[in-house]
Amino acid sequence: MATEQTEDTPPEEIPVEIVLRYNKDDTDEHGFASVWNVASATCDGDTARTRDMAGRMLGFLCKKDYEHVVCSSTDASYLDEWFERDKAILYNWKADSETTDAITQHAYVPAAAMISFLKREKFKPTANYSPRRADRVAWFQEKWGLG
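Conventions and cut-offs
Counting starts from 1 at the beginning of each chain's written sequence and moves along it residue by residue. Residues qualify for local features only when their pLDDT is at least 70, as the model is predicted, and side-chain atom pairs are given and counted only at 80 or more; totals for whole chains, interfaces and linings, by contrast, use all residues. Note that the side-chain values use all heavy atoms of the structure and ignore hydrogens as well as water. Here a pair means two rings of Phe, Tyr or Trp (six-membered ring of Trp) with centres within 6.5 Å. Their orientation is stacked below 30 degrees between planes, edge-to-face above 60, and tilted elsewhere. We count a stretch as a helix when DSSP gives it H or I for four or more residues in a row; a strand needs E for two or more, and each element gets its number in order from the N terminus. Type-normalised accessible area, obtained with a 1.4 Å probe on protein chains alone, sets the label of each residue: buried when under 20%, exposed when over 50%, and partly exposed for intermediate values. Over a ring means this: the NZ of a Lys or the CZ of an Arg is within 6 Å of the ring centre and within 35 degrees of the ring normal. Polar contact criterion, stated in full: a pair of N or O atoms within 3.5 Å, where within protein one must be able to donate a hydrogen and the other to accept it, and residues adjacent in sequence count only if both atoms are side-chain atoms. The span expected for a helix works out to 1.5 Å for each residue beyond the first. Each C-beta atom gives one direction from the helix axis, and the arc is the one those directions make. Contact definition: two residues touch when any of their heavy atoms are within 4.5 Å. Any Lys or Arg side-chain nitrogen located within 4 Å of an Asp or Glu carboxyl oxygen qualifies as a salt bridge.

(A) Fine view of the packing of aromatic side chains. Taken as a whole and assessed by the stated rule, the structure comprises 10 aromatic pairs. Seen in terms of ring centroids, phenylalanine 60 and tyrosine 129 are 4.9 Å apart; in terms of plane orientation they differ by 75°. Their pairing is edge-to-face. Of this pair, phenylalanine 60 sits in helix α2 (residues 47-63) while tyrosine 129 is found in the loop between α6 (111-120) and α7 (133-143), placing the two residues 69 residues apart along the sequence. A relative accessible area of 3% means that phenylalanine 60 is categorised as buried. Its relative accessible area of 15% is what places tyrosine 129 among the buried residues. Ring geometry for tryptophan 93 and tryptophan 139: centres 6.4 Å apart, planes at 65°, overall edge-to-face. Here tryptophan 93, found in the loop between α4 (88-91) and α5 (98-106), pairs with tryptophan 139, found in helix α7; they are 46 residues apart in sequence, far enough to count as distant. Among the aromatic residues, ring-to-ring pairing joins Phe60, Tyr66, Phe117, Phe123 and Tyr129 into one connected group. Positioned above the aromatic ring of tryptophan 93 is the side chain of arginine 136, whose terminal nitrogen or guanidinium carbon lies 4.3 Å from the ring centre.

Following this line, the structure appears as structure tokens:
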């Protein structure tokens, strides 16, 4: 049975298609960009949406044990020290947490290859990916490369 829309009935929300993309100006000479910059390009620079998307991307990459994340040795030391002070840097990748900004701004990926990986592995931009704490630590400590 179909229902008619009246003036009092709110219109159904049509899901917005999210197109994963990156800005070539944000990449280095090898095509690497931060996860934050990929999320920002995907979300047209909207900070709140970018933070949410960056956290979802990072959670997905961690759950899939993505191996092509690099950070500088200085950045790795900075993140290690932060983790010693506050575990949230690896445990809280939510839209309301600045720790999402910090870690995704230091996590560099081959932008085009990561987007292909996300598509191939069926990343859903609206899904919640929440890896276990031990998996987050192991992924950061064992899979991230120094570059």
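Structure's up, so let's keep going.
(B) Quick peek at the side chain of serine 34. Assignment of secondary structure puts serine 34 in strand β1 (residues 32-34). With a relative accessible area of 3%, serine 34 lands in the buried category. Only 3.0 Å separates the side chain of serine 34 from the backbone nitrogen of asparagine 37, close enough to count as a polar contact.

(C) Structural detail: helix α3 (residues 73-85). For α3, built from 13 residues, the straight-helix expectation of 18 Å at 1.5 Å per residue is met to within 8% by its first-to-last C-alpha distance of 18 Å. Here α3 has its buried residues at Ala76, Leu79, Trp82 and Phe83. In a view along the axis of α3, the buried residues occupy a sector of 125°, so they form one face of it. α3 presents Thr74, Glu84 and Arg85 as exposed residues on the side facing more than 90 degrees away from its buried surface. Buried residues along α3 sit against β2 (70-71), α4, α5, α7 and β4 (145-146).

(D) Up close: the pattern of salt bridges. Evaluated as defined, the whole model comprises seven salt bridges. For glutamate 121, the salt bridge goes to lysine 64, with nearest N and O atoms at 3.5 Å. On the criterion of sequence distance, the pair formed by glutamate 121 in the loop between α6 and α7 and lysine 64 in the loop between α2 and β2 is long-range, its members being 57 residues apart. Glutamate 121 gets classed as partly exposed once you look at its relative accessible area, which sits at 29%. One network of salt bridges, with partners in common, ties together Asp65, Glu67 and Lys143.

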